[in-house]
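Here is how the chains run, residue by residue.
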Protein chains: 2
Amino acid sequence: METVGRLAGVSQVTVSRALSDPSKVSPATLAKIQEAIAQTGFVPNALAGALASSKSMLISALVPSITNIVYSSMVKAFSEEMRGAGYQILLSETGFGPEDEEKLIAAHLSRRPDAMFLTGIHHSAQARRMLLGAEIPVAEVWDITDSPIDFCVGFNHAETGRAAAEYARRKGYPQAGVVSAGDERARRRSEAFAREWERIGGAPVAKMLFDAQASLANGRAGLRGLLAQGFTGGVVHCSSDLLAHGVLIEARAQGLDVPGQIAVIGFGDQDFAATVEPGITTVRVDMAAFGRAAAQAMLARLQGAGDGPSVIDLGFEIVERQSA
Amino acid sequence: METVGRLAGVSQVTVSRALSDPSKVSPATLAKIQEAIAQTGFVPNALAGALASSKSMLISALVPSITNIVYSSMVKAFSEEMRGAGYQILLSETGFGPEDEEKLIAAHLSRRPDAMFLTGIHHSAQARRMLLGAEIPVAEVWDITDSPIDFCVGFNHAETGRAAAEYARRKGYPQAGVVSAGDERARRRSEAFAREWERIGGAPVAKMLFDAQASLANGRAGLRGLLAQGFTGGVVHCSSDLLAHGVLIEARAQGLDVPGQIAVIGFGDQDFAATVEPGITTVRVDMAAFGRAAAQAMLARLQGAGDGPSVIDLGFEIVERQSA
DNA sequence: CTGTTAGCGCATTCAT
DNA sequence: ATGAATGCGCTAACAG
């Protein structure tokens, strides 16, 4: 800025002003400064700016996996919204489980983000302490709790399982099975389905619980596993649409009619759920909406507009298609 | 650090040393400092550190879309590798097209990243100038060119199309069609397929070129479009496995035999390509490998180990399955 | 092994 | 509308 200023015949402060609030500088000098910037190829140093102003315009975001469309579409919506307000996103993957998350949170906080986006509501005590100590807005997204660190945006996972169980019972399927991916929230949905199914009179539920992430291959293996357990037909509750699609493929490969012999309920309402044949009956949750809602609540806090609600439940809805 | 130092009975510098290189501090004071840190909940300010040392330990990464598994898996592999060396990733979406990319590059450079990860080889002149001016390692990934800004890691997109055409001709399919997504590289693959197919004696190629991203729905619409154009059967080259899967679904919905009436070639060898039925014949490119290779080359430059090769061609391979 | 002295490049007072 | 002075919290020499 010093150099640019000299070239424009003004001081460093004036250059700073021209950049942060052009209206505070006379049009004539503004023009000279802009020319000097163009000539020198000057790029302001945001590190120094952040240090001086203690506003980094940086938002930290931590998700379990960026290759998982559920999280990446949340982050996408979130960052588009935040970018509109001038913020950039420092994104990291935590994997599933709070161990490494703690180190990551520390690393992120050292960059003095203006706010933080976290996935889920389970964080180590130390992590909570650090977050509280940072005194910045913290969003916990994709799940809800009564005691968020700051605020949470999500829905009740167990409730989706119960709703699916009730739906399936109403349809009169003779048996039920679940196929579930390894993450904690997926398990909670599946467990809730099974428990509710049995509670309202269903026969004991066959289970295929994977440790790995959801994939088509696991969906196929899941149905094979259920059949091997003596599951002879009925409804299969899957912790994600991807698994549901895999079950569909395996059912067809085995010559089983869907939904006549095997009915399938997915989760997520990904775009392909409506496109495959038969269409997948599923639980719709609007991933992008979580990202947007988190961003809006965060921006409100960043702009000091009171604290707003601390629990934002966006709910879900069962979408009936042909698979169940 | 001042506060921590007072608590530990040492000066601020000693605290700095204890953090950056514990071996430069006596075990006794180190212990005292660590205790003081624990008591105060001190989190070092990486902004100040970066400003003072001109090493931000930050890597900028720009991808067209984070919800696209192709890019997100590249970034995933890249960031895992870079994180191992202590770097964090500042990630942004550029969308497709170099317009907004320029602004994003400027925004990223203002944070003084130690290096930059770019997708593709097409960047505005102004962007190139800024990047060159920043004097940092720049990786251009997922495509290759003879004149990278710094270095590139990718493969020849047109060549994949030509290889697919040759494969398809050898198989003797009577006609060919292409279904292509909107991005420039997808187009290049599709165009190369069509041109080569016709060059080596194939009949004129029917085309369905979408402006949008690939999706199952577009794959289905693509096959419908080809059939409407008078395509009566033969091979369909798709710019991605997702489109290929959509074509497969539509073919089945229309009662067309695969590969008897409709043969399908995809691109990418995503995990589902081997799982669906019939398995998708496709062009395998190892997304994670691009990320890793980019990271390794970047780390070498960051550690000043000469400049290394500036064009890293990781190639591709055709994977034959049942669909073609 | 530890402390002192200078900046890093800006934003933020307070002047003028 | 502009400038001078000060400090954000740290690292990098240089002493001792």
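The structure presented is a predicted model; accordingly, all values stated were derived computationally and were not measured. (Residues numbered from 1 in each chain as written. Chains lettered and ligands numbered in written order. Predicted model: local features only at pLDDT ≥ 70, side-chain atom pairs only at ≥ 80, totals over all residues. Heavy atoms only, no water.)

**Thoughts on helix α7 (residues 125–134) of chain A**
Residues and elements named next belong to chain A. All of the buried residues in α7 are Ala127, Met130 and Leu131. For α7, the arc enclosing every buried residue in end-on projection is 100 degrees, short of the 170-degree limit, so these residues lie on one face. More than 90 degrees from the buried face of α7, the exposed residues found are Arg129 and Gly133. Packed against the buried residues of α7 are α6 (98–109), β3 (115–119) and β4 (138–141). Remark: Glu135 follows α7 within two positions and exhibits a positive phi of approximately 55 degrees. (Buried < 20%, exposed > 50% of the residue type's maximum accessible area, 1.4 Å probe, protein only. Helix = DSSP H or I, 4+ residues; strand = E, 2+ residues; numbered from the N terminus. Arc of directions from axis to C-beta. Contact = heavy atoms within 4.5 Å.)

**Examining the protein's contact with DNA strand C**
Around DNA strand C, the structure places 23 residues, and the nearest of them are Val13(A), Ser16(A), Val13(B), Thr14(B) and Arg17(B). Considering the 4 Å shell around the protein, atoms of DNA strand C inside it are sugar or phosphate in 58% of instances. Between a base nitrogen of DNA strand C and a main-chain N or O atom of Ala48(A), the distance comes to 3.3 Å. Elements that contribute at least two residues to the surface near DNA strand C include exactly α2 (12–20) and α4 (46–53) of chain A together with α2 (12–20) and α4 (46–53) of chain B. Taken together, the residues of the surface near DNA strand C sort by class into eleven nonpolar, nine polar and three charged. (Near = heavy atom within 4 Å. Polar contact = N/O pair within 3.5 Å; in protein donor to acceptor, adjacent residues only side chain to side chain. Nonpolar A, V, L, I, M, F, W, Y, C, P; charged D, E, K, R; others polar.)

**Notes on the protein's contact with DNA strand D**
Neighbouring residues of DNA strand D: 22 residues in total, closest Thr14(A), Arg17(A), Gln12(B), Val13(B) and Ser16(B). Across the atoms of DNA strand D situated within 4 Å of the protein, the share located in sugar and phosphate is 57%. In this structure, a phosphate oxygen belonging to DNA strand D sits 2.9 Å away from a main-chain N or O atom of Ser11(A). With respect to DNA strand D, the backbone of Ser26(A) contributes an N or O atom lying 2.8 Å from a phosphate oxygen.

**Quick look at the interface of chain B and chain A**
Taken residue by residue, the interface counts 48 residues in chain B and 48 residues in chain A. Of the roughly 4100 Å² buried where chain B meets chain A, counting both sides, 58% is carbon and sulfur surface. On the chain B side of the contact with chain A, Leu47(B), Gln88(B) and Arg111(B) bury the most area, a combined 18% of that side's loss. In this assembly, chain B and chain A are joined by four salt bridges. Viewed at the interface, chain A and chain B are joined by 22 residue pairs in polar contact (both at pLDDT 80 or more). When residues of the side of chain B that touches chain A are traced back to their parent elements, those giving at least two are α4, α5 (69–84), β2 (88–93), α6 (98–109), α10 (216–228) and α11 (241–253) of chain B. (Buried area = accessible area lost by both parts, 1.4 Å probe. Salt bridge = Lys/Arg side-chain N within 4 Å of Asp/Glu carboxyl O.)

**Observations regarding the relation of the copies chain B and chain A**
Between chain B and chain A, which share one sequence, the superposing operator has a rotation angle of 180 degrees and an axial displacement of 0.0 Å; the RMSD is 0.0 Å. Such a combination of rotation and displacement between the chain copies is what one expects of a two-fold axis. For chain B, the smallest separation between a C-alpha atom and the rotation axis is recorded for Leu90(B), amounting to 2.3 Å. The overlap is high: 100% of the interface residues of chain B also sit at the interface in chain A, so the same surface is used on both sides. (Least-squares fit on C-alpha atoms with pLDDT ≥ 70 in both.)

**A short note on the side chain of His245(A)**
As for its placement among the helices and strands, His245(A) is situated in helix α11 (residues 241–253). Other than its neighbours up to four places away in sequence, His245(A) contacts Leu216(A), Phe272(A), Val276(A), Ile280(A) and His245(B).

**Regarding the UniProt feature "domain: HTH lacI-type" (unreviewed entry) in chain A**
The UniProt feature table records "domain: HTH lacI-type" (unreviewed entry) at residues 1–53 of chain A. In residues 1–53 of chain A, the share of helix is 72% and the share of strand is 0%. The end C-alpha atoms are 16 Å apart. (UniProt positions renumbered as here; feature names shortened; annotations may be inferred.)

**A look at helix α8 (residues 157–171) of chain A**
Residues and elements named next belong to chain A. Along its 15 residues, α8 runs 22 Å from first to last C-alpha, staying within 8% of the 21 Å computed at 1.5 Å per residue. When α8 is considered as a whole, its buried residues turn out to be His157, Ala158, Thr160, Gly161, Ala163, Ala164, Ala165, Tyr167 and Ala168. Where α8 begins, the capping side chain belongs to Asn156, and its oxygen is found 3.1 Å from the backbone nitrogen of Ala158. Downstream of α8 by a residue or two, Gly172 has a phi angle that is positive, lying close to 80 degrees. (Expected span 1.5 Å × (residues − 1).)

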